[in-house]
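# Topology and contacts: notes
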Amino acid sequence: MAKVDLDALLNELGLRKNDRAAAAPPEAPTPSPGRGALPAMPGSTPPIENMPAGEPGLISLDDLDELARTGATISPRSDEEANAPSTPAADPSTPSAPDASAFEQDTDRFQTEALATADIAGAAGFSADDQDCEEQAKDLRTLVLESGLLTAKQLSAAETIIKQSPGTRLMDILLEQGADEAKLFEALARSLRMPFTRLPGGPGSDQAYDDRLVQRLTPEFCKTNLLLPLVGDAGRTAIATARPDDVFLIDEVKLRLGGKPVRVVVTPTSDLLAILTPLTAPAEEDVNVDEILSDVEEDDVRVEKTETADIDLEKEAQGSPVIRYVNYIIQNASKEGASDIHIEPGDKTLKVRFRIDGELFESLHPPAKMAAAIISRLKIMANLDISERRLPQDGRIRCTVQNRKLDLRMSTIPTTYGEKVVLRILDTRSINVDLDHLGFDENTLTIWKNQIEQPHGIVLVTGPTGSGKTTTLYASLRAMDKKSQNISTVEDPVEYHLDGITQTQTHEKIGMTFARALKALLRQDPDVILLGEIRDQETAHTAVQAALTGHLVLSTLHTNDAPSSITRLVNIGLEPFLLGAAVNACLAQRLVRRICSQCKRPAVFTEEMREFIETQGMNPDELLEGEGCPKCRSTGHQGRLGIYELLVVDDHLRDVIARNPNVSEFRRMCVERGMVSLRQDGFVKVARGATTVQEIIRATESAA
């Protein structure tokens, strides 16, 4: 037992030392064991002497002994109570000590009632200590029912689960029951009398979060606790959170922010994770352009006839100037919006060209003596054999440029003056485009959306390489309901990764062809299948069988226009009557350059061109062109848009296809049935001022 300073204790209770000495009564007998006192033990402390009870405002030792025995609390004494005689005998009028068993029963009852009150409220995220928690929980239940998020039966089932699983949050159970996340969090905000907001998107969009405060709190802390500081006024920081009830978390945020006042805003979990997941993603393990591998293990020696000394490419490839120059090439290409990088060695020159908006531009001219080192550096980054220069090689580089993750598909080929390298830049930002922003005419877009919603059939996208077929197909897949459909793809290669979609890559060397992969997917209970390309009879036949057995198949062909895709499949070896029954629609497309918005001006034409424009039903004086400015590299164009030719196969055309018509006859029939050609769609966009006549003629010359 701990020792007690008796003087200090008595002083706190109001017994002054001088008063105790003056008013000490005669020595009282030691209480007997029958009076409830313990018998004196050898070496024990003598009993405390009784103190006078007549001192106003003081507590006697008898009272202190009674308090110690009963466990009651100390209350101020009146003058009458202070002057009353003190006796060690028990007073019948004195309240008896509370019964321990009754106290425990009351405690159990209180805890049971508290748990019942906080059962749903606490599980929903409310604090059980809040006096309004039950009212708030009831408000949430009422709002959930009134808004139609869940039925009363589903809500009752959720409450049952909570009672059976302590610690489970009501919000989590309601989401599992199928409640709409955004509406559910909005109802939670209303029940808590807090504001509700949706976040616009992750990094790369108009950021609504305060990056400085995120770094101060650390992205890991924000993701773990599902909160995000928002950009607001300087006086009060807004904290978007999916856990608005956690007062301890809010206090910790205030502490980390230096005691600044905060305003809590309710936000759905998915919105927060969409921003916080990229911020907390681990660094790319393969290659980071800012910290490219500088350690090279392979040796390669190339002897130039014009040089007398050997060149150690290993040493040059890991040299600082080479690393910085390769970094600069990739960063500059990404900044310019290039889709391809061409590194071309010459006799005594080295050119670096970028393909921007479909056109090649000379960008850099490194010293010719750096050619071997630059190409070796790129091979190291792509994990290729730097000692092999006689055979073509293909590789892949994953890197991060200006906080953007890029995939570079690298291809090398031997030439007279050394190896030429082409890097294809795959940027997920450029592929994440909605159908509404691809340049579809309103009527064409409506028809296309209807076609990709069909339960079965074949839908084809045709055009040359680089015409945007992959972008259109990926945008179509994103427009589908991935939650209720099983969507699978077979590609060569898988260029972009899509969430919620099963993607398979072909491997010709091991026999994993399009046809074999497609047959395997048909055993995976698919609803929609994206087939990268129909190249042979086996693949085409399997695709037709899949379409006729209740699957929607999307694929591509390399033809100049939409009607030619039908005859191409017939030439591959498909029966015309099967083809007519399986194909739903064919979409041909091209990409044309937009007029630069910074240097638009009225177009100037020759007399011959003016006559041609007038025959197309347009007024030459109302058309525009780009004059050329630094923003568009003096080309007059910036960005691209699509022009489309959509052929919908109706019953009449199915009968025509079954008779196996030739291309020209079939095209004429399609136009008579209302098909808008590529050139016609292009001239509509020329009349709107989006592109130029020259661009349409160039893009549709082969399809005219």
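Being a predicted model, the structure only gives us computed values, none of them experimental.

### Regarding the packing of aromatic side chains
One pass over the full model with this rule turns up 4 aromatic pairs. Residues tyrosine 474 and tyrosine 496 carry aromatic rings whose centres are separated by 6.1 Å and whose planes lie at 85° to one another, so their mutual orientation is edge-to-face. On the criterion of sequence distance, the pair formed by tyrosine 474 in helix α19 (residues 469-478) and tyrosine 496 in the loop between β13 (487-491) and β14 (502-505) is long-range, its members being 22 residues apart. Residue classification places tyrosine 474 among the buried positions, given a relative accessible area of 1%. Judged by relative accessible area, which is 8%, tyrosine 496 ranks as buried. Of note, arginine 256 hangs over the ring of phenylalanine 221, and the distance from its end group to the ring centre comes to 3.9 Å. In this structure, arginine 633 is placed above the aromatic ring of phenylalanine 361, and the distance from its NZ or CZ to the ring centre is 5.6 Å.

### Concerning the sheet that holds β13
Read from one edge of the open sheet, 7 strands run β14-β13-β15-β16-β12-β17-β20, paired in mixed fashion. Every other strand in the sheet has two partners, leaving β14 and β20 (637-648) as the edge strands with one partner each. Adjacent strand axes in the sheet meet at a mean angle of 20° when their direction is disregarded. With 6 bridges joining them, strand β12 (residues 457-462) and strand β16 (residues 552-557) adopt parallel strand pairing. Among the inter-strand pairings, isoleucine 458 is bridged to a residue of β16, identified as valine 553.

### Remarks on the pattern of salt bridges
One pass over the full model with this rule turns up 28 salt bridges. The salt bridge involving glutamate 252 is made with arginine 256; its shortest N-O contact spans 3.4 Å. Residue glutamate 252 and its partner arginine 256 are located together in helix α12 (residues 247-256), separated by 4 residues, close to a single helical turn. Taken together, the salt bridges that share partners define one network made up of Glu344, Lys351, Arg353, Glu362 and Lys420.

### Here's the deal with the packing of helix α20 (residues 514-521) against helix α21 (residues 537-548)
Running from amino to carboxyl end, α20 crosses α21 at an angle of 20°, the nearest separation of the two axes being 8 Å. In terms of orientation, α20 and α21 fall into the roughly parallel class. In this structure, the crossing between α20 and α21 has a hand that is left-handed. Residue-level contacts link Phe514, Ala515, Leu518 and Lys519 of α20 to Glu538, Thr539, Thr542 and Ala543 of α21.

### So, the confidence of the model for the protein chain
Looking at the protein chain as a whole, the pLDDT averages 76, with 72% of positions reaching at least 70. Looking at the elements of the protein chain, mean pLDDT is at its lowest for strand β4 (residues 301-302), recorded as 28, and at its highest for β12, recorded as 96. Scored below 50 in pLDDT, residues 16-61 makes 47 contacts in the model with residues more than four places away or belonging to other chains. Under a pLDDT of 50 for its full length, residues 283-317 has, in the predicted model, 67 contacts with residues more than four places off or in other chains.

About the criteria used
Residues numbered from 1 in each chain as written. Predicted model: local features only at pLDDT ≥ 70, side-chain atom pairs only at ≥ 80, totals over all residues. Heavy atoms only, no water. Phe/Tyr/Trp six-rings, centres within 6.5 Å; stacked < 30°, edge-to-face > 60°. Helix = DSSP H or I, 4+ residues; strand = E, 2+ residues; numbered from the N terminus. Buried < 20%, exposed > 50% of the residue type's maximum accessible area, 1.4 Å probe, protein only. Lys NZ or Arg CZ within 6 Å of the ring centre and 35° of its normal. Pairing = 2+ DSSP bridges. Axes fitted to C-alpha atoms, helices over the stretch in contact; angles between N-to-C directions. Salt bridge = Lys/Arg side-chain N within 4 Å of Asp/Glu carboxyl O. Parallel < 35°, antiparallel > 145°, perpendicular 65-115°, else oblique. Left-handed = near helix turned anticlockwise from the far one by under 90°. Contact = heavy atoms within 4.5 Å. pLDDT = per-residue confidence, 0-100.

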